[in-house]
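Descriptive structure summary
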Amino acid sequence: MKIEVVNKGHQPLPQYATPLSAGMDLRANLETPVTLRPMERRLIPTGLYIALPPGYEAQVRPRSGLALKRGITVLNAPGTVDADYRGEIGVVLVNLSADDFVVSDGERIAQLVIARHEKAEFLTVDVLDETERGEGGYGHTGM
């Protein structure tokens, strides 16, 4: 799949780290480092603008290493970039650790996954069909 991209930043374009990677790393595009204090959230720019084909979205997801080792994650995970959005891709990072975290220029801060999606149309009915599970949810099956 080919995706048109405008790179107004100074970082390389996202790329897959391995042949079977689902996500491409997004890098911070900063003039100066940004310090995230504990429980602070900030929108981090990437300098990237994309045009997705209809029926696709780009999902902005956390990087597992940052989450595990540093407590840094994407707050609205996964963030969605719609096919008709033409603004800069930003990453809403949050610091869930007890320590300050400095986001440096060029740091890999998130992953971008391109995914196909379907359009749905709701059909109003009076009753839904019954299933074995029924209304059970939110941990009803136990530990």
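Our subject in this report is the structure included herewith. Bear in mind that the values here come from a model prediction, so they are computed numbers and not experimental data. (Residues numbered from 1 in each chain as written. Predicted model: local features only at pLDDT ≥ 70, side-chain atom pairs only at ≥ 80, totals over all residues. Heavy atoms only, no water.)

**Observations regarding the layout of surface pockets**
Which parts of space are left empty comes out when a probe the size of a water molecule is rolled across the atoms. The following threshold applies: Cavity: a set of points on a 1 Å grid over the protein atoms alone where a 1.4 Å probe fits but cannot get out. Pocket: an open set with protein on both sides within 12 Å along at least five of seven lines, its lining residues, like those of a cavity, having an atom within 4 Å of a point. Grid points are joined across faces, edges and corners, and a volume is the space filled by probe spheres set on the points. Starting at the N terminus, helices and strands are each numbered in turn, a helix being any DSSP run of H or I of at least four residues and a strand any DSSP run of E of at least two. Classification convention: Asp, Glu, Lys, Arg as charged; Ala, Val, Leu, Ile, Met, Phe, Trp, Tyr, Cys, Pro as nonpolar; all other residues, Gly among them, as polar.
Empty space within the largest pocket amounts to approximately 260 Å³. Lining the largest pocket we find M1, I3, V5, L13, P14, Y16, M24, L48, I50, I89, L112 and I114. When residues of the lining of the largest pocket are traced back to their parent elements, those giving at least two are β5 (48–51) and β11 (108–116). Across the lining of the largest pocket, the residue classes tally to twelve nonpolar, no polar and no charged.

**Here we look at the sheet that holds strand β6 (residues 56–61)**
Cut-off, in case you're wondering: Strands were regarded as paired on the criterion that DSSP finds at least two bridges between them. In this analysis an axis means a line fitted to C-alpha atoms, helices contributing only their contacting stretch, and an angle means the value between N-to-C directions, from 0 to 180 degrees.
Taking strand neighbours across the sheet as the criterion, the four strands line up as β2-β11-β6-β8 in an open arrangement whose pairing is antiparallel. Either end of the sheet is taken by a strand with one partner, and the two such strands are β2 (24–27) and β8 (79–81). On average, each strand axis in the sheet is tilted by 35 degrees relative to the strand beside it, whichever way the strands run. As paired strands, β2 and β11 are joined by four bridges and run antiparallel to one another. Paired with L26 across the strands is A110, a residue of β11.

**Some points on a nonpolar patch on the surface**
Defined as follows: Here, patches come from residues exposed beyond 30% relative accessible area and free of salt bridges, joined within 9 Å for like charges and within 5 Å for nonpolar side chains (Val, Leu, Ile, Met, Phe, Trp, Tyr). Calculation of accessible area relied on Shrake-Rupley with a 1.4 Å probe; when residues are assessed, cover is drawn exclusively from the protein chains displayed. Here a salt bridge means any side-chain nitrogen of Lys or Arg lying within 4 Å of a carboxyl oxygen belonging to Asp or Glu. Per-residue accessibility, obtained with a 1.4 Å probe over protein chains only, is compared with the maximum for each type, and a residue is labelled buried under 20%, exposed over 50%, and partly exposed between these values.
Where nonpolar side chains cluster on the molecular surface, the patch consists of L123, V125 and L128 and spans about 360 Å² of accessible area. Of the residues examined, V125 reaches a relative accessible area of 45% and is grouped as partly exposed.

**Description of the sheet that holds strand β4 (residues 41–45)**
One open sheet accounts for three strands, arranged β4-β9-β7; its pairing is antiparallel. In the strand order of this sheet, the two ends are held by β4 and β7 (72–74), each with one partner. When the angles between neighbouring strand axes are averaged without regard to direction, this sheet yields 35 degrees. Looking at chain direction, β4 and strand β9 (residues 90–95) are connected through five bridges and run antiparallel. For I44, the partnering residue across the bridge sits in β9 and is V91.

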